[in-house]
Number of protein chains: 2
Amino acid sequence: MGESRMEEAIRLFTDVMIDGQNEVFRKVENELHQEFSMEQIKMLNLLERHGPMTSKQLTELQGGHKSATSSRLKKLVEKDYVRVIPDASDKRVKYVQLTEAGEAAYKQANQQVNEYLSSILSGINDEEVDEFIYIFQKVKSLLRNQA
Amino acid sequence: MGESRMEEAIRLFTDVMIDGQNEVFRKVENELHQEFSMEQIKMLNLLERHGPMTSKQLTELQGGHKSATSSRLKKLVEKDYVRVIPDASDKRVKYVQLTEAGEAAYKQANQQVNEYLSSILSGINDEEVDEFIYIFQKVKSLLRNQA
DNA sequence: CATATAAAGTTGACCCCCTAAACTATAATA
DNA sequence: TATTATAGTTTAGGGGGTCAACTTTATATG
């Protein structure tokens, strides 16, 4: 990659990353009336995608420290969006599970994020979608591998 | 855009957005020994790119509320990375300006972010860079216009 | 001119998020 | 059995944010 093109790519990447998150976050916050934080939504998303799992697994998937996961979890339990089930054999282990309320709330939240992003990404026409998916897939895997 | 492709694109977009910011943030935090937060770096970046400006202008460019800008600014002034200069004619207005220390620290921070992102984005080969830049430019402008 | 309204910033209350280290309880191992 | 490892929680300290109230200075309007 040439020097200046690389710099351009980096600047674009950081801009999109930061603006994107800000916009989505603000949008979601308004729509959902402060019901969830971005991290809480991400956690519900992981539970929706992978099913019940332990706090440790959640930490690995979401990143950060286990204490962060713990407090995040606590808040979701208090709001009754998530439930904790002790493991039968190992008493240290607790499985985290979406409640019905959590599932419903997540689906609603997710739909609103999707609608918003759809409205934005609809500016990308059919011919460009393949490029979009290809590039973003590549970037995603690069981020994962470097992590 | 087809339904499922759109969904795929959205999922990729959110993943890249969230993972990207997390990774970069963590990297920057480690490298700089907790010297700056992401938002503080963004603010220094704006001052570097556009020169001295008022708190109001910073708020407009960075987003969020003026009170958020105010406290962010306060911390940077305390660390002597930024300086505030009263406007000559309008006594309500203060111009914010990078100090020499702020400029040096920002350049160092920026270089480290760039090196990190370079190492990640170097996985994108020459033929794909054009696609990358085109797509990200498009996404950026779509985000801006929707904001 | 005097009074009302608008604008730039600051402050404080209240919340979320994070890390790091200490701590509990249980399991595994030497 | 005594030691070490693992899953999770808690606490302290700091960053971020919003919203509303509040100063101070400008501007508009009667």
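Residues numbered from 1 in each chain as written. Chains lettered and ligands numbered in written order. Predicted model: local features only at pLDDT ≥ 70, side-chain atom pairs only at ≥ 80, totals over all residues.

The name that an unreviewed UniProt entry assigns to chain A is DNA-binding transcriptional regulator, MarR family, with the source organism given as Salibacterium qingdaonense.

Asks: Now, about the interface of chain A and chain B: what can you tell me, with residues and values included?
Replies: When the parts come together, some accessible area is lost, and that loss is often what is quoted as the size of the interface. With 43 residues of chain A at the contact, the number on the chain B side is 44 residues. Elements supplying a minimum of two residues to the side of chain A that touches chain B: α1 (3–31), α5 (100–121) and α6 (126–146) of chain A. Of the residues assigned to the side of chain A that touches chain B, the class counts are 22 nonpolar, eleven polar and ten charged. (Contact = placed C-beta atoms within 7 Å. Helix = DSSP H or I, 4+ residues; strand = E, 2+ residues; numbered from the N terminus. Nonpolar A, V, L, I, M, F, W, Y, C, P; charged D, E, K, R; others polar.)

Asks: Go over the protein's contact with DNA strand C, please, and point to the residues and values.
Replies: In the vicinity of DNA strand C, 24 residues are found, and the nearest of them are Ser37 and Ser67 of chain A together with Thr54, Lys56 and Ser67 of chain B. Breaking the surface near DNA strand C down by element, the ones donating at least two residues are α2 (38–50) and α4 (66–78) of chain A together with α3 (55–62) and α4 (66–78) of chain B. Sorting elements by how many residues they give to the surface near DNA strand C places α4 of chain B first, with six residues. In the surface near DNA strand C, the residues fall into three nonpolar, ten polar and eleven charged. (Near = placed C-beta within 6 Å.)

Asks: How would you explain the relation of the copies chain A and chain B if you had to name every residue and give the values?
Replies: Rotating chain A by 180 degrees and translating it 0.1 Å along the rotation axis places it on chain B, where the RMSD comes to 0.2 Å. On the angle and the small slide along the axis, the relation comes out as a two-fold axis. When C-alpha distances to the rotation axis are compared across chain A, the minimum falls at Met17 of chain A, with a value of 2.6 Å. Both copies present the same face, since 100% of the interface residues in chain A are matched by interface residues at the equivalent positions in chain B. (Least-squares fit on C-alpha atoms with pLDDT ≥ 70 in both.)

Asks: How would you explain unusual backbone geometry if you had to name every residue and give the values?
Replies: Residues and elements named next belong to chain A. Unusually for a residue other than glycine, Asp80 sits at a positive phi of about 65 degrees. Along the chain, the position of Asp80 falls in the loop between α4 and β2 (82–86). We classify Asp80 as exposed; it has 12 C-beta atoms within 10 Å. (Buried ≥ 20, exposed ≤ 12 C-beta atoms within 10 Å, placed from the backbone.)

Asks: Which residues make up the sheet that holds β2 of chain A, and what are the values?
Replies: All names here are of chain A. Ordered in space as β1-β3-β2, the three strands form an open sheet in which the pairing is antiparallel. Only two strands of the sheet have a single partner each, and these edge strands are β1 (53–54) and β2. Both β1 and strand β3 (residues 94–98) contribute to a ladder of two bridges, which runs antiparallel. Within the sheet, the bridge partner assigned to Met53 lies in β3 and is Val96. (Pairing = 2+ DSSP bridges.)

Asks: Outline the sheet that holds strand β3 (residues 94–98) of chain B, listing residues and values.
Replies: All names here are of chain B. Across the sheet, which stays open at both edges, the three strands sit in the order β1-β3-β2 with antiparallel pairing between neighbours. Where the open sheet ends on each side, the last strands, each with one partner, are β1 (53–54) and β2 (82–86). Of the pairings in the sheet, the one linking β2 to β3 comprises five bridges and is antiparallel in character. Across the sheet, Ile85 pairs through a bridge with Tyr95, a residue of β3.

Asks: So what about the protein's contact with DNA strand D? Which residues, and what values?
Replies: Of all residues adjacent to DNA strand D, which total 24 residues, the nearest are Thr54, Lys56, Ser67 and Ser70 of chain A together with Ser67 of chain B. For the surface near DNA strand D, the secondary-structure elements that each account for two or more residues are α3 (55–62) and α4 of chain A together with α2 (38–50) and α4 of chain B. Ranked by residues supplied to the surface near DNA strand D, first place goes to α4 of chain A with six residues.

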